[in-house]
Structure formats: structure tokens, C-alpha cells
Amino acid sequence: MMNTQEIYDALGLTDADVKGGDLKVYSPTDGSEIAAVKTDSVEETKSKIAQSVTAFKAWRKVPAPRRGELVRILGNILREKKEALGALVTLECGKIYQEGLGEVQEMIDICDYAVGQSRMLHGLTIVSERPLHKMREIWQPLGPVGIISAFNFPVAVWSWNAALALVCGNSTIWKSSEKSPVTALACQKLFELACAEFGDDAPKGLSQTLTGDRDIGEALVASESVALISATGSSAMGRIVGANVAKRFGKSILELGGNNAITVSKHADLDLAFQGIVFGTVGTCGQRCTTTRRLFVHDDVYDALIPRIKKAFAGVSIGNPLDEGTLMGPLIDEDSFNNMQKALELAKSNGGVVTGGGRAIQEEYPNAYYVNAALVEMKGEVNNVKTETFAPILYVFKYTDLDDAIFRQNDVPQGLSSAIFTTNILEAEIFTSEVGSDCGIANVNIGTSGAEIGGAFGGEKETGGGRESGSDAWRGYMRRMTSTVNYSTELPLAQGIKFDTE
């Protein structure tokens, strides 16, 4: 495994990029300082926005398939740098190396997808009610796209937005999390390599990064020059961003909180369910928006499944996420640890029986926050948990009636991901029907965590309603134009209206 300096060298990060700045960056793996990066001021942010507007005006004139060529080159560079960038993701946000590699693979996949999409920015030809008229729907570039990302997926979320925004003809400005700015700087370096190979059609400022705290995010959100804000984070953050963008009649894509549930039927394949539940809970140390947080288990299989999950949680290999044998790395910081402990204390006060939880390998890593995964069996009158804690906590409930389980799954403010494990086709179809899950993602016989590039990613309710990645998510980065062409010598009005000017 590469050390920190080798990772930086492989990604083109120099001392000027990672030393001497005013924002110190600490690795959650051991609490050590790994960088000190320069932050942007509000004035610098405004300057970058102006440069993005200029870049957009040039980039929108480049044919879409040609724009796709830039993204293709970027995808190839990501293939070459996959190991180094994956290691940097692990170093900076703490997910295990296999997950870091998987995140970079998502970047490669969305680049491939966007290249194809660059030749399929299709509108419609619409039948007109007027003779010798044609109606067409045309999709046009939108403008500069602001991307605000979170620490837990420090590179993939940018790529979901940037790859599509670029082929659609837009420029991008990326405000990364202040907890993971180095990965953003590395991605910008790789993008600049792609532009150098692509040639002069890529204008200066086509992609830019912003580093800093809330003030520069607020400046980005408030700017009327930024046509779209795509923001990933908490529901509380989304309420502020969404409202402020709406005030200026801008567009927003919001990917916010998740409080995801798995339902395990009495007809489930328990081996499949077990695998999906364990990874869904402990992957990224419970710090995914799609992490499995609630579990509804049919009474008939409860005693066969729950002890097995407890044993797995107790046996999960916890340690440095760069080590090959590790399955669960650390929480991002002390605040996350404290929030986890508060949530467990609250569960106990409500009658929950907690197995696991608490700090792990503290003697080896006194300045990092490794934890044991916690399983909480909720007893008595508490039949749901409606708040999300970004940590490996699994709340477990019994059920006997599927309609009741679905009701409780849906009876939370969030609506991102959901899953059912069952071999009963009727239960599977009910779960994915209009009376089933109300989430943006509803899986059958796979867990809640993770999604493929081909589908649109996002959720409902306090999850924000946004969609990124596949399907027709590209439309969110464009503006729709309806055009009617009259190729006759008459001027009939729609709806048969008579208006004689003579």
C-alpha cells in the first residue's frame, strides 16, 4: 500500500497544494494531520463563479459528442489512477480500501454512461393541432452548476453530477466538504490532465473547486449566475439550500438524509438477508446515506436471524481501513462518536436492549474514533425510530403483518432506500407497488446500500426529491424548450381562436 506522499505524487498533488494552508485536514484513520490546504474567500468564490460563466458560454457551443470525448478521456485517466485515488479516499474519509476503490469505479462508470448520453440528449417531435406546423422539444445547456458534496462519498458524488453536467454543456464549480478537501483537489488535477489531452475546446475554468467553510457555500448558493445547485448532505442543510436557491428561482437537486429499512419476511432466504444487513449496517462505518438503520423481522424468523447478526457484528474486523483484512474503519471524527453514544443512550432510555456499541481499539488509535457496531432490539411501545444517526446502529423490530411493517418503514420523514428479503412473489410485488415502499429506491433480495450507475439515484420526502446518475437524470442539468415551426402561409391560432386583424 502506498504511503501518503506516494499517493500525493501519483495524483499530481504538490507541496503547494497540501502544505502551508489555513485549513488543516486530519485523517480519521489515526487522527494525524495529512494536509493544510488553502481556503477560498467569498471574493475568490465570486471570481471563480464569474470565470465559470465565461467558460459556460464557450463550452455550450461545443457539440455534445465532442463534449463527451472530454469525459471519455477523464474516465480513462481515472482508470489509470484508480488505486491512488481509492487510497486517498480511504486516507481522508476512513472507508475501507475496497470501498475506496469502489467509489472510484463509480466515477469511471458514470463517465462511461455520460459518454453514451452525449449522443442521446433527445427531445421529442410533437404532433401539432394546426395544419403545416411542427412542434419540437429541445434540451439546451443550463449554465454553471454548483456541486456541494459531503465527506462520506468525497469523489463519486462530484462525478455523478460533473460527468452529466459537462456533456450537457455546462461548467461546474465544486464545493467539497471541509472534512475532505484533498480528494477534491486531486480530482481537479486529474480533470486538468484530461483537458490538456482534450485540447483547446475545453475553456479555462470549465471545472473549478472551492475549499472552505459555510460562507463560501452560501455565496455559491446565493449567486444568480449559478443555474443549478446540486447539494448532498443533511436534511437540515437541504432546507436552507433549497429555500435560498428557490428565492432566486434557481434549480436545485437535493440528496439529503436517509433512514433506511430492511424488511425480512418469514419467506426470506436468511443467508441473503444476513449478508445484506451486515454490509448495509457496517459499510463505511454506517456513514452512507443508504446505510441500513432499521430492521423489521417477521416473528417466525427473528430468533434464527438476530443472534447471527449479533455474532457477525461482534466479529467484524475493525482497524486501519488501508489494511487488507479490515471490514470496518473509523467514524469521521469525535462529534460523530458522541452522536452515536447519545443515540444509544436514548434507545436504552426508551427500553431498547443494546448489543455492541462503544469505542474500539482506543489504545492503538487514541486520536481516532473506531467503534463497535451496535444492534438495538426495540421493546415495548417503541415501534419505530424516526431520526438518522450517521453511525453503525441497527434498530430491530418484530412484525407479524406485512402491511404493518411497510407502514412503519414509511412512517419516517426520510424516504431514500428500502429493501425486502422474500421469496414470495406476492410480497415482493406489494413492496414495489403503489401501496408499498414510499422510497426512491426499493430493492428486493438485495440490501439498501449501494446503487448502480444506470438507475436514477435519490429519494422522497426529507431526502429532497433529487435524482442523480442514470436513467433520465441528465435532464436536471438542462433547460427544456418547446419550439413550434409554421411552414405554411397561414397563421392559425391554437384552440381554434379567431382574431381578425383586418
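For the structure, check the block above.
The structure presented is a predicted model; accordingly, all values stated were derived computationally and were not measured. (Residues numbered from 1 in each chain as written. Predicted model: local features only at pLDDT ≥ 70, side-chain atom pairs only at ≥ 80, totals over all residues. Heavy atoms only, no water.)

Peer 1: Honestly, the sheet that holds strand S6 (residues 172-175) in this entry has me stumped. Any pointers?
Peer 2: Adjacent strands of a sheet form backbone hydrogen bonds with each other and so pair up, either parallel or antiparallel. Taking strand neighbours across the sheet as the criterion, the 5 strands line up as S7-S6-S5-S8-S9 in an open arrangement whose pairing is parallel. Only two strands of the sheet have a single neighbouring strand rather than two, namely strand S7 (207-210) and strand S9 (251-255). Neighbour-to-neighbour, the strand axes of the sheet open up by a mean angle of 15 degrees, direction not taken into account. Helix H7 (residues 156-167) rests against strand S5 (145-148), S6, S7 and strand S8 (228-232) of the sheet, and its axis sits at about 170 degrees to S5. Relative to S6, helix H9 (residues 214-222) is tilted by about 150 degrees, and along the sheet it contacts S5, S6, S7 and S8. (Pairing = 2+ DSSP bridges. Helix = DSSP H or I, 4+ residues; strand = E, 2+ residues; numbered from the N terminus. Axes fitted to C-alpha atoms, helices over the stretch in contact; angles between N-to-C directions. Contact = heavy atoms within 4.5 Å.)

Peer 1: Help me understand unusual backbone geometry, please; the structure alone is not making it clear to me.
Peer 2: Glycine aside, residues mostly have negative phi angles, and peptide bonds mostly take the trans form. The phi dihedral of Ile361 falls on the positive side, at around 40 degrees, and the residue is not glycine. Inspection of the secondary structure puts Ile361 in the loop between strand S13 (359-360) and strand S14 (370-371). Assessed through its relative accessible area of 29%, Ile361 is described here as partly exposed. Even without a glycine there, the phi angle at Ser471 is positive, about 55 degrees. (Buried < 20%, exposed > 50% of the residue type's maximum accessible area, 1.4 Å probe, protein only.)

Peer 1: Any chance you could explain a nonpolar patch on the surface here in plain terms?
Peer 2: Residues Ile425, Leu426, Ile430 and Val435 make up a contiguous nonpolar surface patch of roughly 410 Å² in combined accessible area. By secondary structure assignment, the location of Ile425 is in helix H15 (residues 425-431). (Patch = residues over 30% accessible without salt bridge, like charges linked within 9 Å, V, L, I, M, F, W, Y side chains within 5 Å. Areas by Shrake-Rupley, 256 points an atom, 1.4 Å probe, with all protein chains shown as cover. Salt bridge = Lys/Arg side-chain N within 4 Å of Asp/Glu carboxyl O.)

Peer 1: Please explain the pattern of salt bridges as it appears in this structure.
Peer 2: Pairing between side chains becomes possible if they bear opposite charge and their charged atoms approach one another. Across all of its chains, the model carries 24 salt bridges by this definition. Close ionic contact of Glu44 with Lys38 constitutes a salt bridge, the shortest N to O distance being 3.1 Å. For Glu44, a relative accessible area of 32% gives the class partly exposed. We note a salt bridge from Lys48 to Asp40, for which the minimum N-O separation is 3.1 Å. The class of Lys48 is partly exposed, set by a relative accessible area of 21%.

Peer 1: Hey, could you run me through the environment of Ala243 in this one?
Peer 2: Looking at the secondary structure, you find Ala243 in helix H10 (residues 235-247). We classify Ala243 as partly exposed; its relative accessible area is 38%. C-alpha of Ala243 to C-alpha of Val221: the two residues are 22 residues apart in sequence and 9.9 Å apart in space.

Peer 1: Quick question: what am I supposed to make of the packing of aromatic side chains here?
Peer 2: Two measures describe an aromatic ring pair: the distance that separates the ring centres and the angle between the ring planes. For the coordinates displayed, the defined rule picks out 8 aromatic pairs. Summarising the aromatic geometry, the rings of Trp139 and Trp474 are spaced 5.5 Å apart at their centres and angled 70 degrees between planes, so their arrangement reads as edge-to-face. Here Trp474 lies in the loop between strand S22 (468-469) and strand S23 (478-486) and Trp139 lies in strand S4 (residues 133-141), a separation of 335 residues in the sequence. Here the two residues Trp139 and Trp474 agree in accessibility, since each one is buried. The interplanar angle of 55 degrees and the centroid separation of 5.0 Å between the aromatic rings of Trp160 and Phe457 together place this pair among those described as tilted. On the criterion of sequence distance, the pair formed by Trp160 in helix H7 and Phe457 in strand S20 (residues 456-457) is long-range, its members being 297 residues apart. Phe457 carries the same exposure label as Trp160, and that label is buried. Positioned over the ring face of Tyr487 is Lys134, at 5.6 Å from the centre of the ring. (Phe/Tyr/Trp six-rings, centres within 6.5 Å; stacked < 30°, edge-to-face > 60°. Lys NZ or Arg CZ within 6 Å of the ring centre and 35° of its normal.)

Peer 1: Sorry, what's going on with the pairing of S5 here?
Peer 2: Regular strands show a simple pattern: their side chains alternate between the two faces of the sheet. Both faces of S5 are covered, namely the face carrying Val145 and Ile147 and the face carrying Gly146 and Ile148. Pairing of S5 with S6, which is carried by 4 bridges, proceeds in the parallel orientation. Residue pairing in the sheet places Val145 in a bridge with Thr172 of S6. The parallel pair S5 and S6, bridged by H7, forms a crossover whose chirality is right-handed. Of the pairings in the sheet, the one linking S5 to S8 comprises 4 bridges and is parallel in character. When the bridges of S8 are listed, Val145 appears paired with Leu228. (Right-handed = clockwise from strand over helix to strand, strands pointing away.)

Peer 1: Is there a simple way to think about the side chain of Ser149 in this case?
Peer 2: Looking at the secondary structure, you find Ser149 in the loop between S5 and H7. A polar contact of 2.8 Å, which involves the side chain of Ser149, links it to the side chain of Trp174. When residues no more than four places from it in sequence are discounted, the contact partners of Ser149 are Val157, Trp174, Lys175, Ser176, Ser177 and Thr232. (Polar contact = N/O pair within 3.5 Å; in protein donor to acceptor, adjacent residues only side chain to side chain.)

Peer 1: Even after reading the chapter, I still don't get the nonpolar core, so can you show me in this structure?
Peer 2: It is characteristic of soluble globular proteins that their nonpolar side chains tend to be buried jointly. Core analysis: the largest hydrophobic core is formed by 79 residues, its most contacted members being Tyr8, Leu85, Leu88 and Val182. Residues in contact with Leu85, not counting those within four places in the same chain, are Leu11, Leu78, Val104, Met107, Val155, Ala186, Cys187 and Leu190. Counting residues in hydrophobic clusters, the runner-up holds 56 residues, among them Ile262, Phe274, Phe313 and Phe431. (Core = buried A, V, L, I, M, F, W, Y, C linked by side-chain atoms within 4.5 Å.)

Peer 1: I keep staring at a positive patch on the surface and nothing clicks. Help me out?
Peer 2: Judged by side-chain charge, Lys57, Arg60, Lys61 and Arg479 come together as a positively charged surface patch. With relative accessibility at 42%, the residue Arg60 sits in the partly exposed group. (Lys, Arg positive; Asp, Glu negative; His and termini not counted. Charge placed at Lys NZ, Arg CZ, Asp CG, Glu CD.)

Peer 1: Help me understand helix H11 (residues 270-282) in this model?
Peer 2: Every α-helical turn comprises 3.6 residues, leaving residues that sit three or four positions apart pointing alike. Here H11 spans 18 Å end to end across 13 residues, near enough to the 18 Å set by a 1.5 Å rise per residue. By the burial criterion, the buried members of H11 are Leu270, Ala273, Phe274, Gly276, Ile277, Val278, Gly280, Thr281 and Val282. Tucked inside the fold, the buried residues of H11 contact strand S10 (260-264), strand S11 (292-298), helix H12 (302-315), strand S16 (393-399) and strand S18 (417-421). The backbone nitrogen of Asp271 lies 3.0 Å from a side-chain oxygen of the residue at the head of H11, namely Asp269. Two residues or fewer past H11, Thr284 is found with a positive phi of approximately 55 degrees. (Expected span 1.5 Å × (residues − 1).)

Peer 1: Hey, could you run me through the sheet that holds S23 in this one?
Peer 2: One open sheet accounts for 3 strands, arranged S3-S4-S23; its pairing is antiparallel. Both outer strands of the open sheet, strand S3 (125-126) and S23, are each paired with one neighbouring strand and no more. Two elements, S3 and S4, share 2 bridges in a ladder whose sense is antiparallel. In the strand pairing of S4, Thr125 is matched with Arg136.

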